[in-house]
Amino acid sequence: MTGPVWAYHDTTSYDRHDMGGRALDWGVQPEVFKTYPGLEEARLPEPTEFRQNTLSELVIEPCSLDADTEITLPRLARILSLTHSLTARTRYGGAYFYFRSVASAGALYPFETYIGVMSVTGLGRGFYHHNVRDQGLTLLRAGSIFDELRQAVPLDEDHAPAIVFFLSSIFFRSSWKYRDRAYRYHLLDTGHLLENLILALRSERLQCTFHYDFDDSRVNGLLGVDPFREACLAVVPVWGKVLEQPERTELPPADQRLIAASRVSSREVDYPAIREIHEATFHPTLIPSSPPDMGKSLGIDFEPTIPVPRPQTWPDAISYAEAVHRRRSMRNFVKQDLPADCVAGLLTLVCAEPDSAICAEPVAESALSVGFLAGQVEGLAPGFYLLHRQAGLFGLVAGGYRIDRMTAACLDQGWLGNCALHFLFMCNLEALEKTWGARAYRHVMLAAGRIGQRIYLAATSMRLGCCGIGAYYDREAAQVLGLNDRSRLLYLVATGPVKKYAGL
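Residues numbered from 1 in each chain as written. Predicted model: local features only at pLDDT ≥ 70, side-chain atom pairs only at ≥ 80, totals over all residues. Heavy atoms only, no water.

Novice: Before we go on, may I ask you to explain the layout of surface pockets in this structure?
Specialist: Leftover empty space is mapped by rolling, across the atoms, a probe with the size of a water molecule. Of the voids in this model, the second largest pocket is the one considered here, and its volume is about 520 Å³. Along the walls of the second largest pocket sit 31 residues, with E365, S366, L368, R389 and Q390 positioned nearest its centre. Of all the secondary-structure elements, those providing two or more residues to the lining of the second largest pocket are β11 (357-359), α12 (363-367), β12 (369-374), β13 (383-388) and α15 (440-461). When its residues are assigned to classes, the lining of the second largest pocket shows 18 nonpolar, six polar and seven charged. (1 Å grid on protein atoms, 1.4 Å probe; cavity = no way out; pocket = protein on both sides within 12 Å on 5 of 7 lines; lining within 4 Å. Points joined across faces, edges and corners; volume = space filled by probe spheres on them. Helix = DSSP H or I, 4+ residues; strand = E, 2+ residues; numbered from the N terminus. Nonpolar A, V, L, I, M, F, W, Y, C, P; charged D, E, K, R; others polar.)

Right under this line is the structure:
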């Protein structure tokens, strides 16, 4: 008998012979900016003094972290700008469309950021919502948050964080277009946002942990969201200087205005499969005594023996902050060889983990398999390769050019055939659920989104194109890779030279 994770993923699979087209209902298009009418909003200061380090320096090089760093409003403004900001705008159909620093399926941006403040210079204690359109903070509830917070998130009672970030997803924003399949994108897109936040905190030399396991009901209640429409998916405590605080004041209960703000359309459609899989993942992950080798559980032979190379010269062409603010999904790929230093840089960054971030439940480190299809790559034969990220090794699974076959499996999107590399995120979903429980599905999907966003930023830094793909014929994609019946591709991120930078 299969569990809810496999059942959901299999039921929401795309099949070439059973797609069933439908038109979008533009009359119920969701709002992409969350607002709280009647609540005061404070503008953040214009972010300045971004560090000029590159992405490779930020991720790879060791840095000193100071748990006694003072978190000020200018510092918080920089963090939020690097986490989620509007980067450009254009007009479609008489309305403005805003490009953002975070990748999102269909440019639907289901994620939201909330901040629990305990020690920030110039900002009172309480819960705030980040309004990305205006780069402002809306105070949702004022008062001391630690007592309620530690009942919902496993925190050290004697070492309170200075600030806590909560990343949520509003279900209808993505399900308006992708229907039942949208829960995949809620997780992947929130993972994109989480990676941006982790990198932003590292750029400010701040230590953080990030949690995928917490008490869902309590956390959603703290944020005052409507749990049928919006849910928290990641919690990130951050340590900094503890400020002298006035006497504690109790948090008032969340009122109806907060709950009503989770509604983003006048006529929202409920997709029960999304609610069911989300509720099935409420229980914390299990801790197995001896987890299986998840790479072998894919059903393919794999021996990682090749060390991931370091570039002779790092190919970053712009700073990390510039890369965040210039990031785009680019699809005008051209068939040119990807230089060896770019390949080495991408693989190194995919395998790295910034030392400022500590995952409280590192399930995905064991459960998520990462590989790539190489096409036109300098110094590497075409084929399907798998990575052992923790060991910094990779190995050839099967030789031969497979980019064209994967392109066909990805809804025949022809531009994918010109890419040099397809990064692949895979998992045996049945083994995942049996070993760690249903909540582990959140872990691997969020982790895939995290690494995917890092590839986006790395490609932008190297003046390459990049585009994530979450829509494909699921069984066909698994067959291209030779995966067994219970293993699936979760996400694909394509990168390589593009016309803009290829001199064509």
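Novice: Before we go on, may I ask you to explain empty space enclosed by the protein in this structure?
Specialist: Within the structure shown, the criterion is met by two cavities of 30 Å³ or more. Of the pockets and cavities examined, the largest cavity occupies roughly 70 Å³. Lining of the largest cavity is provided by V32, F33, K34, H84, R100, F111, E112, T113, H129, H130, N131 and V132. Where the lining of the largest cavity is concerned, the elements lending two or more residues are β4 (111-117) and β5 (126-131). Looking at side-chain class alone, the lining of the largest cavity contains four nonpolar, five polar and three charged residues. Counted as a void, the second largest cavity has a volume near 50 Å³. Lining the second largest cavity are E49, F50, R51, N53, R78, L82, S203, E204, Y320 and A321. Put simply, the parts of the chain that give the lining of the second largest cavity at least two residues each are α3 (73-83) and α10 (320-326). A per-class count over the lining of the second largest cavity returns four nonpolar, two polar and four charged.

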